[in-house]
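# Analysis of the macromolecular model
Listed here are the chains, written in short residue letters.
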Amino acid sequence: MKRTITDDLINWKSSTGRMPLLLHGARQVGKTHILREFGKEHYKNIAYVNLETDPIASTWFDDNIEPKRIIMLLEAHIKARIVPEDTLIIFDEVQSCERALTSLKYFNENAPQYHIAAAGSLLGVAIKREKYSFPVGNVDSKTLYPFTFEEFLWSQGEDILSEEIKAGFEANSPLHPSLHKKAAEIYKIYLIVGGMPASILEYTNTGSLVTVPGIQNRIINDYIADMAKYASDSEAIKIRAAYNSVPAQLAKENRKFQYKVIQKGGSRSIFGEAIDWLETAKVVNKCYNLTTPEVPLDVYKDFTSFKLYMSDTGLLTMTSRTPQEIILNLGEADNRFLGAIAENYVAQHFAAREKSLLYWRSDSKSGGQAEIDFVLQEGADVIPVEVKASERVASRSLSVFVKKYAPPYSIRISGKNFGFENGIKSVPLYAAFCI
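What comes next concerns the included structure.

Let us look at unusual backbone geometry. For the peptide bond that leads from Val-295 to Pro-296, omega is -5 degrees, which places it in the cis range. Among the structural elements, Pro-296 can be located in the loop between β6 (284-290) and β7 (301-310). We note that Lys-79 has phi near 60 degrees; this positive angle belongs to a residue other than glycine. Along the chain, Lys-79 turns up in the loop between α4 (67-78) and β3 (87-92).

What follows concerns the sheet that holds strand β12 (residues 410-414). Taken in spatial order, the five strands of this open sheet run β10-β11-β12-β14-β13, and their pairing is mixed. On the outer flanks of this sheet lie β10 (374-378) and β13 (419-421), each paired with one strand and no other. Averaged over neighbouring strand pairs, the angle between their axes works out to 25 degrees when direction is ignored. Where β13 and strand β14 (residues 424-428) come together, three bridges link them in antiparallel fashion. The residue of β14 that forms the bridge with Glu-421 is Ile-424.

A separate point is the packing of aromatic side chains. Enumeration over the complete set of coordinates arrives at 24 aromatic pairs. With a centroid separation of 6.4 Å and 80 degrees between ring planes, the pair formed by Tyr-223 and Tyr-243 is classed as edge-to-face. Taken together, the residues span a long stretch of sequence, with Tyr-223 in helix α11 (residues 212-229) and Tyr-243 in helix α12 (residues 233-244) at a distance of 20 residues. On the basis of relative accessible area, Tyr-223 is assigned to the buried category, the value being 3%. Judged by relative accessible area, Tyr-243 falls into the buried class, the value being 2%. Between Phe-418 and Tyr-430, the ring centres sit 6.3 Å apart and the planes meet at 85 degrees, which makes this aromatic pair edge-to-face. With a gap of 12 residues between them, Phe-418 in the loop between β12 and β13 and Tyr-430 in the segment after β14 connect regions that are remote in the sequence. Across the pair, Tyr-430 and Phe-418 agree in class, each one buried. Arg-3 extends its terminal NZ or CZ atom over the ring of Phe-147, reaching a point 3.9 Å from the ring centre. Note that Lys-13 overlies the ring of Tyr-43, its terminal NZ or CZ placed 4.9 Å from the centroid.

What counts and how
- Residues numbered from 1 in each chain as written.
- Predicted model: local features only at pLDDT ≥ 70, side-chain atom pairs only at ≥ 80, totals over all residues.
- Heavy atoms only, no water.
- Helix = DSSP H or I, 4+ residues; strand = E, 2+ residues; numbered from the N terminus.
- Pairing = 2+ DSSP bridges.
- Axes fitted to C-alpha atoms, helices over the stretch in contact; angles between N-to-C directions.
- Phe/Tyr/Trp six-rings, centres within 6.5 Å; stacked < 30°, edge-to-face > 60°.
- Buried < 20%, exposed > 50% of the residue type's maximum accessible area, 1.4 Å probe, protein only.
- Lys NZ or Arg CZ within 6 Å of the ring centre and 35° of its normal.

Below, the structure is given as structure tokens:
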């Protein structure tokens, strides 16, 4: 399965100032697979160890972590020579062996000729709880996210369609109705399947959506197991409760996260650390309210007011128990939660592009309240982004924002085709990856 991060890995390999690579990401987003495939494609050999499942390998780092010694042990373990330019060394599940993470510092300082990539889930969560520090300044950190819709198109052999979508976005030119309809239909399937590799593989192999929720449920169970493994019993209960509340949080007309939705009397002091855990584990995306939509946007975040979106929209569709037939009949469906699913989808794609997730909500002193789903910064410009789940795009919030702040243009993501009219750039939902 082709991923956009592959280009970053190629640049990393050829970089003259290359440092050990540390690949972050939620569990089961495909970190191990992408590193193995990259190694097969761009190196003669791979030296792979899983530090969670291989107890012998994890003991190498108990004492002396001098690179020469680690390389010697690794060669003996795989029974092959490790040639710096020809071998990709992969330390998988590095969060389970903190000394292995620390060793990356010494590989960078004392043995930079070796090409080392380490992959880990829950790195921030695990390291906080241990005495070993993160090798700041000695690793090149990258994050792998669930498949975007573009990557999903690639997985379905729709490379040409993805190029047509990008061309339409750049030119503000409507796609041919047949292509628009085709992309919109695949988008509906993506809302169900989501971006987790195992779910995509199940759908691709079977051509059916029936068994996909079972795969997604196993992924959720793995997340719950991690909560128990990397948190105390009392913390794990709070983390699980906070995570399970996300669909209900998004079902509210005001999607702002409220602790009382988790449990009666809930508060930041009770559940604040649980939310931080989920964000650090990269299983949720946090979208902050803006106090003032001015550049630079990030300095105007209200850290006490936010929305939480699931990191994968397919998992949201499954956990919310949204019937598949409602998603597949998106054009005719009149279901309020479809708006939440569309917002989650856009948040997932903005997060994958490493954009700050921010929204704006007006005060209610004059003429009622207005809310903009996302606000982006493009250079010195502030761009409001409105999300609609269908072709019905009537809304007063965008006009309120435009009248008050006069942005150079606005973006409306909806079921409509590409276009530009009255200062609004129309972007189809299936083209969110282009923004």
